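# Coordinates in review
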Amino acid sequence: PRAAPAVGEAEVDAVAEARALAAAAPDLAALEAAVRGFERCRLRDGARQAVFADGRADAPVMVVGEAPGRDEDREGRPFVGRAGVLLDKMMAAIGLDRRARTAEDGVYVTNLVYWRPVGNRTPSDDEASMLLPFLERHIELAAPRALLLAGGVPAKALLRTSVGITRLRGTWRRWNGVPCLPVFHPAYLLRNGEKKREAWRDLLALRAMLDGDAPTFEE
């Protein structure tokens, strides 16, 4: 008989499976199908559906959030609740719109986690690691000029750091050569209005980068 798997072996296998499925996806439609067919993440058991992305995939900016909430789970699109309304206002303030007619004025939004965690809890490190290969392939296929990492969960997972969002925000980083700007999640800004001034500075930094100003990167 096969020995019982060691602690964490199932998670390692799931990451390997996710990595293989993501790598095999030649385009965004295939990647979305791979995500929807991925059965190793238990979050899907408590969610109505997978929430993949919204906006223009050819946009210069890709926003990566944490996970769907109740409204997103119901509608099947990311950032459609109160936090999504604020995100749209933030993007509009620097001339970007997920419904833009032209690519250069567009924005593309997604999450690290594609299923709503029960009770809107924070995704675990294991869940983030399991689904990270899909996000990495998502970025490769969308090929944005800049990534806006909304909140500590996607920022720490993608940048492979333990540094919290309060210290990360506002500092330009790189992921495989793509400029990344960690920022406060809009849901956090709804609870902490005094942080909106810092968020505005981050948006101006993003706009300046899109307009041609070379950012200074933290390595």
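Here's a quick rundown of the structure. (Residues numbered from 1 in each chain as written. Predicted model: local features only at pLDDT ≥ 70, side-chain atom pairs only at ≥ 80, totals over all residues. Heavy atoms only, no water.)

Let us now look at unusual backbone geometry. Positive phi values are uncommon outside glycine, yet Asn-120 reaches one of about 55°. Locating Asn-120 in the fold gives a position in the loop between strand 3 (107–111) and helix 5 (125–142). For Asn-120, a relative accessible area of 42% puts it in the partly exposed group. Even without being glycine, Ala-143 reaches a positive phi, approximately 50°. Mapped onto the elements of the fold, Ala-143 is located in the loop between helix 5 and strand 4 (146–150). (Helix = DSSP H or I, 4+ residues; strand = E, 2+ residues; numbered from the N terminus. Buried < 20%, exposed > 50% of the residue type's maximum accessible area, 1.4 Å probe, protein only.)

In the structure shown here, the tally under the stated rule is five aromatic pairs. Where Phe-52 meets Tyr-114, the ring centres are 5.7 Å apart and the plane angle is 15°; that geometry is what we call stacked. Taken together, the residues span a long stretch of sequence, with Phe-52 in the loop between helix 2 (28–37) and strand 1 (53–55) and Tyr-114 in the loop between strand 3 and helix 5 at a distance of 62 residues. Tyr-114 carries the same exposure label as Phe-52, and that label is buried. Ring centres of Trp-172 and Phe-217 lie 6.5 Å apart, and the angle between their planes is 70°; this geometry places the pair in the edge-to-face category. Note that Trp-172 is positioned in the loop between helix 7 (165–168) and strand 5 (173–175) and Phe-217 in the segment after helix 9 (196–210), a separation of 45 residues in sequence. Of the residues examined, Trp-172 reaches a relative accessible area of 6% and is grouped as buried. Three or more aromatic residues joined by ring pairs make a cluster, and in this case those are Phe-52, Tyr-114 and Trp-115. Positioned above the aromatic ring of Phe-217 is the side chain of Arg-174, whose terminal nitrogen or guanidinium carbon lies 3.6 Å from the ring centre. (Phe/Tyr/Trp six-rings, centres within 6.5 Å; stacked < 30°, edge-to-face > 60°. Lys NZ or Arg CZ within 6 Å of the ring centre and 35° of its normal.)

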